[in-house]
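Below are the chains, spelled out letter by letter.
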Amino acid sequence: MAEQQQFYLLLSNLMSPDNTVRKQSEETYDTIPGQTKITFLLQAIRDASAAEEVKQMAAVLLRRLLSSSFEEVYPNLTIDVQTAIKTELLAGIQSEGSSNIRKKVCDIAAELSRNLIDDDGNNQWPEILKFLFDSVNSQDVGLREAALHIFWNFPGIFGNQQQHYLEVIKRMLVQCMQDQENPQIRTLAARAAASFVLSNESNTALLKHFSDLLPGILQAVNESCYRGDDSVLKSLVEIADTAPKYLRPNLEATLQLSLKLCGDTNLTNMQRQLALEVIVTLSETAAAMLRKHTNIVAQSVPQMLSMMVDLEEDEEWAMADELEDDDFDSNAVAGESALDRIACGLGGKIVLPMIKQHIMQMLQNPDWKYRHAGLMALSAIGEGCHQQMEAILSEIVSFVLLFCQDPHPRVRYAACNAIGQMATDFAPTFQKKFHDKVISALLQTMEDQSNPRVQAHAAAALINFTEDCPKTLLVPYLDSLVQHLHVIMVAKLQELIQKGTKLVLEQVVTSIASVADTAEEKFVPYYDLFMPSLKHIVENAVQKELRLLRGKTIECISLIGLAVGKEKFMPDASAVMQLLLKTQTDFNDLEDDDPQISYMISAWARMCKILGKEFQQYLPVVMGPLMKTASIKPEVALLDTQDMENMSEDDGWEFVNLGDQQSFGIKTAGLEEKATACQMLVCYAKELKEGFVEYTEQVVKLMVPLLKFYFHDGVRVAAAESMPLLLECARVRGPEYLTQMWHFMCDALIKSIGTEPDSDVLSEIMHSFAKCIELMGDGCLNNEHFEELGGILKGKLEEHFKNQEVRQAKRQDEDYDEQVEETLQDEDDNDVYILTKVSDILHSIFSSYREKVLPWFEQLLQLIVNLICPHRPWADRQWGLCIFDDVIEHCSPSSFKYAEYFLRPMMQALCDTSPEVRQAAAYGVGVMAQFGGDSYRPAFTEAVPLLVGVIQSPESRAKENVNATENCISAVAKVMKYRPECVNVSEILPHWLSWLPLNEDKEEAVHTFNYLCDLIESNNPIVLGPDNTNLPKIFIIIADGVANESIKGEDGCSKRLANVIRQVQVSGGLWTQCVSALNETQQKAIQDLLNTA
């Protein structure tokens, strides 16, 4: 008994407000063995004399124990103890007087039964099922509640018996939803029904069978909201999110109800926002279904707009120096975000006509709140209504600019907001069309000294404008921009010293940086105007509240340095580095969330780009903090729904719902900084190459595990990008060190190609892996690697075909419309992009291993052959042919044994309607001639006339066709050069000359110029013409090639061409004749060639 009393004391100490007491009790509690815990906790829960909060605490702890440590504790208990626990829990539910404790005991029972369903779906606790049936039919309301609560908490409780009991489950739910006397039973039954639907979201037949429960759920949503309970409404939002198809038979009713609740100002803001959330979520998860009910969507738009008008008068607003975070619970923020999402979800074709009139009326309203809301609404829909707004952009812009002069500061603020947003959404069209009006309007608004908040926002809009502004457009405004920014900066520096206000200064510093970033070397004349003040800020702004200002100023200095270039920046570079390093030495005192950290890390990387190799001296100081930031480990937690209620997203936690009452939480602080730091390590490796070798080992040990860092895509991308760069850095240490490093990363890279969930990240990983193989070459993969990689690539190709089938099926769906087609096209592009990366990897393997890798390749052969079937989409055929091109190029003459699979399709592809397919086929013919071997000879007789036909077709030089055509010209050259016996060279040559030079495909241009040199050097009569009369024409071809940069000074080809020209130079008359045929650009090109080669 004494022990039990001690345990009660421990429980109440666990709830103590005193941190020390609580910490100590938690440590004591953790040392108690599992079985003892269970016994004590159960006794406490069942002890009628114990205080309610002690029983409550015991119940929470027991549930947590079963949830987090079931496997460690429960199976080791004796059968008797296990049986006793089950019996005690059910007895506790039946005898407990307090409904609060009874609920908590139900949660424990649900948690236990969740863990007692075995792998075959048998519930090892049949008594609880009997208890559910008995209780739901009991006269005791408390027991009916308990049964529903358990079923709501764990709807999978019937395990493999669910199908058998389906009718009973349905009857039980219907009966409880119709319980006239007890509203709380109706509510709970509706929540349980929703929970059951959600846990069977992919079982279409079951959802259909249960669709007649939806009207009851909707009724309960309505009732419960007016009783101040939004739990059923939250369940409806979850259904809209996860099982939207369940709502289809009653979609109209669902939308009508949501609309009614959203518009009812008697309800709380939270409830109205949740009701709106049902409609908005459906626009994202079932857009096509919702597009059939545009009348209701159209009625929801004014609701969102009226929420956005729900603003408070705030006298202090315009002078505020700290930007408080948006109040995410406010109607205004909720309305704006809903509008943004619904526009993206349903598309501008539907949303813009619904909203345009409303916005126009709002903008003419005498009440500032309406004008403010109208402008904010315009900002919100830009992304979703992109195409439709682009068509009427000039009338929108002219209208918005008027509001920069509005009498109310918050409307002027909203006008700046709209301009900034449009500058981003519609770049660069927006900048090209409206630069004149917009720059002057923003500069004028920035002079609004009495409303710093408006000034700062105008500066922020200017940043958005200049970030995406083409340099040529910005240069004419530089004088005026710089002058304005300088005046404001000087004035605000004074204010900072006198009053300590800094908001506008923070934005202006970034505006200066953004202007410099776009203007590049054109910013040089203004450098000395700004640099002294900026350095002054970094030296003196050391107080905690100036951290952000200082960070932004550091960013500004480094961006200006990068813009004006090494020569101009060099005199200040070491002083700036000393300033940065001084912050750096205080770095260890900086708090983890100090904004200066990420600015600092990015600034060093820019300094590295400016200083190049000279940056190496600073690495010892810089790398410590950089590695520390890159190594941040985020706080994570696995929580069940009950714990979730005590944690809020405000404290920087974000949650992912894992289903089954479980959520995964992560504290996001430091994640962005970690990603920035990883990107910067990539930057150092890229810029410093062997200068970074000292750090390659610690960086590779950091990066390889980060390929699995699923909390942030940017971190995984940086990890992937770093791999080939680190190998390049490590080369100077010799082959052994390099191989060791490669072994350390190779397994992880291959595995992550198999497991990476995000297609953008996956393509980066595949790209890096291919680059690594090219770097490491033959012998870098062992048999296990090959086996694993083969399986993964096979999987990717099979998935590619399967995804195409799934998309075809979606095109047959009853909700299919043109917007669905757009989405499917995007998915298709994604898929093709992964296919290009499969091709990259195979290319790197073929080019390193050559024919000895063919036996391994055969497991993929049939899939690649499928890609080039005539009925497949053009991108499949293109990439399938590219893979066979690589087989021919790198694995000949052995490649001929696969000719039966690819030769016919390749010949047919030469005349394909798609230029990409023609290009891949023509390239194939070229490498066949160059590397293929004798077996391919008959193919050329067939191919050359086809190639000539393509080159001579009237549209062959059109922009979309030119690359394919140039590959055909090059292929003809390769056949004449390597297989002259298969074609009539003298007949083709005059035509071939008339097709030169190649301007687009630089690689193929080199092949054609080399062949041209062969012909000239061997004095080919057809090429030179009688008495060298063709030479002027050849000069023009060479000059155009140089002017077009198809010939580079450093390659062997240009030396040969220069020699041809020099030989003509010595024979006076011929030289004059050749040069006089050239225009000015061509003459300069010939001169350049002679000077460099």
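Note that this is a predicted model, so its numbers are computed, not measured.

Draft legend 1. Representation of the overall build of the protein chain within the structure. Counting its secondary structure elements, the protein chain contains 54 helices and 3 strands. If one aligns the C-alpha atoms of the protein chain with their principal axes, the spans along those axes are about 120 × 75 × 60 Å. With 1093 residues in all, the protein chain has 56% of them scored as buried. Counting contacts in the protein chain only where the partners sit at least 6 residues apart, residues at least 24 apart contribute 72% of the total. A total accessible area of about 47,600 Å² is found for the protein chain, and carbon and sulfur atoms account for 50% of it.

Draft legend 2. Local environment of the nonpolar core. Formed by 397 residues in total, the largest nonpolar core has its most connected members in Phe615, Tyr684, Phe692, Leu781 and Trp992. When neighbours within four sequence positions are excluded, Leu781 is seen to be in contact with Trp742, Cys746, Ile750, Phe769, Ile773, Phe786, Leu789, Ile845 and Tyr849.

Draft legend 3. How the structure looks around the packing of helix α40 (residues 783-810) against helix α41 (residues 818-849). Direction vectors running N to C along α40 and α41 enclose 155°, while the axes themselves pass 11 Å from each other. Classified by the interaxial angle, the pair formed by α40 and α41 is roughly antiparallel. Seen along the crossing, α40 lies across α41 with a hand that is left-handed. Residues Phe786, Leu789, Leu793, Lys796, Leu797, His800, Asn803, Arg807 and Lys810 of α40 touch α41, and the partners they reach there are Leu824, Glu827, Asp828, Asp831, Ile834, Leu835, Val838, Ile841, Leu842, Ile845 and Tyr849. Partitioned by chemical class, the residues of the contact of α40 with α41 number 12 nonpolar, 2 polar and 6 charged.

Draft legend 4. Region of the structure containing the packing of helix α22 (residues 393-402) against helix α23 (residues 409-425). Two numbers describe how α22 lies on α23: the axes approach to 9 Å, and their chain directions differ by 150°. Overall, the two elements α22 and α23 adopt an arrangement that is roughly antiparallel. As for the relative orientation of α22 and α23, their crossing is left-handed in sense. On α23, the residues that touch Leu393, Ile396, Val397, Val400 and Leu401 of α22 are Ala415, Ala418, Ile419 and Met422.

Draft legend 5. Just helix α42 (residues 854-867), in detail. With 14 residues, α42 extends 18 Å from end C-alpha to end C-alpha; this agrees with the ideal 20 Å at 1.5 Å per step. Residue Leu860 marks the point of greatest curvature in α42, where the axis turns by about 55°. Every buried residue of α42 is listed here: Leu854, Trp856, Phe857, Leu860, Leu861, Leu863, Ile864, Val865 and Leu867. Lining the buried residues of α42 we find α40, α41, α43 (874-891) and α44 (899-909).

Draft legend 6. Here's a closer look at the pattern of salt bridges. Throughout the structure, instances matching the rule amount to 46 salt bridges. Two residues, Glu88 and Arg46, come together in a salt bridge whose shortest N-O distance is 3.0 Å. Of this pair, Glu88 sits in helix α5 (residues 79-95) while Arg46 sits in helix α3 (residues 34-46), and the two are 42 residues apart along the sequence. Linking Asp778 and Lys852 is a salt bridge whose minimum nitrogen-to-oxygen distance equals 2.7 Å. Here Lys852 lies in the loop between α41 and α42 and Asp778 lies in the loop between α39 (759-776) and α40, a separation of 74 residues in the sequence.

Draft legend 7. Quick peek at the environment of Leu213. Mapped onto the fold, Leu213 is located in the loop between α11 (204-209) and α12 (214-226). Separated by 621 residues in the primary sequence, Leu213 and Ile834 place their C-alpha atoms 43 Å from one another. Discounting chain neighbours no more than four positions away, the residues touching Leu213 are Lys170, Leu173, Val174, Met177, Ala193 and Tyr246.

Draft legend 8. Representation of unusual backbone geometry. With an omega dihedral of -10°, the bond running from Ala427 to Pro428 counts as a cis peptide bond. Among the secondary structure elements, Pro428 is positioned in the loop between α23 and α24 (429-445). The phi angle at Arg850 is positive, at roughly 55°, despite the residue not being glycine. Position of Arg850 relative to the elements: it lies in the loop between α41 and α42. Positive phi outside glycine occurs at Asn1028, with the angle close to 60°. Assignment of secondary structure puts Asn1028 in the loop between α50 (1021-1024) and α51 (1031-1043).

Draft legend 9. Here's a closer look at helix α37 (residues 713-730). Its 18 residues give α37 an end-to-end C-alpha distance of 26 Å, which sits within 8% of 26 Å, the value for a rise of 1.5 Å per residue. The sharpest bend along α37 measures roughly 35° and falls at Met723, with the proline Pro724 sitting one to four residues further on. When you tally the buried positions in α37, you get 15 out of 18 residues, the bulk of the element.

Draft legend 10. Structural detail: a negative patch on the surface. On the surface, a cluster of negative charge is made up of Asp310, Glu312, Glu313, Asp314, Glu315, Glu316 and Asp367. Along the chain, Asp310 falls in the loop between α17 (294-308) and α18 (331-346).

Draft legend 11. Region of interest: the side chain of Ser98. Structurally, the position occupied by Ser98 is in the loop between α5 and α6 (99-115). By relative accessible area, Ser98 is classed as buried at 17%. Here Ile101 takes part through its backbone nitrogen, which lies 3.1 Å from a polar atom of the side chain of Ser98.

Draft legend 12. Summary view of the packing of aromatic side chains. Counted by the stated rule, this structure contains 29 aromatic pairs. Centre to centre, the rings of Phe523 and Phe530 are 6.0 Å apart; their planes meet at 20°, and the pair counts as stacked. By relative accessible area, Phe523 is classed as buried at 1%. On the accessibility criterion, Phe530 (0% relative accessible area) is buried. Look at Phe1035 and Trp1071: their rings are 5.9 Å apart centre to centre, the planes differ by 75°, and that puts the pair in the edge-to-face class. Here the residue Phe1035 occupies a position in helix α51, and Trp1071 occupies one in helix α53 (residues 1068-1076), the gap between them amounting to 36 residues. On the basis of relative accessible area, Phe1035 is assigned to the buried category, the value being 0%.

Draft legend 13. Molecular detail of a positive patch on the surface. A cluster of like positive charges, contributed by Lys609, Lys613, Lys686, Lys689 and Lys771, occupies part of the molecular surface. Mapped onto the secondary structure, Lys771 falls in helix α39.

Draft legend 14. View of the environment of Thr913. Along the chain, Thr913 falls in the loop between α44 and α45 (915-931). Of the residues examined, Thr913 reaches a relative accessible area of 77% and is grouped as exposed. The spatial distance from the C-alpha of Thr913 to the C-alpha of Met15 is 75 Å, given a sequence separation of 898 residues.

About the cut-offs
- Residues numbered from 1 in each chain as written.
- Predicted model: local features only at pLDDT ≥ 70, side-chain atom pairs only at ≥ 80, totals over all residues.
- Heavy atoms only, no water.
- Helix = DSSP H or I, 4+ residues; strand = E, 2+ residues; numbered from the N terminus.
- Buried < 20%, exposed > 50% of the residue type's maximum accessible area, 1.4 Å probe, protein only.
- Contact = heavy atoms within 4.5 Å.
- Areas by Shrake-Rupley, 256 points an atom, 1.4 Å probe, with all protein chains shown as cover.
- Core = buried A, V, L, I, M, F, W, Y, C linked by side-chain atoms within 4.5 Å.
- Axes fitted to C-alpha atoms, helices over the stretch in contact; angles between N-to-C directions.
- Parallel < 35°, antiparallel > 145°, perpendicular 65-115°, else oblique.
- Left-handed = near helix turned anticlockwise from the far one by under 90°.
- Nonpolar A, V, L, I, M, F, W, Y, C, P; charged D, E, K, R; others polar.
- Expected span 1.5 Å × (residues − 1).
- Bend = angle between axes of the 7 residues up to and from the residue.
- Salt bridge = Lys/Arg side-chain N within 4 Å of Asp/Glu carboxyl O.
- Patch = residues over 30% accessible without salt bridge, like charges linked within 9 Å, V, L, I, M, F, W, Y side chains within 5 Å.
- Lys, Arg positive; Asp, Glu negative; His and termini not counted.
- Charge placed at Lys NZ, Arg CZ, Asp CG, Glu CD.
- Polar contact = N/O pair within 3.5 Å; in protein donor to acceptor, adjacent residues only side chain to side chain.
- Phe/Tyr/Trp six-rings, centres within 6.5 Å; stacked < 30°, edge-to-face > 60°.

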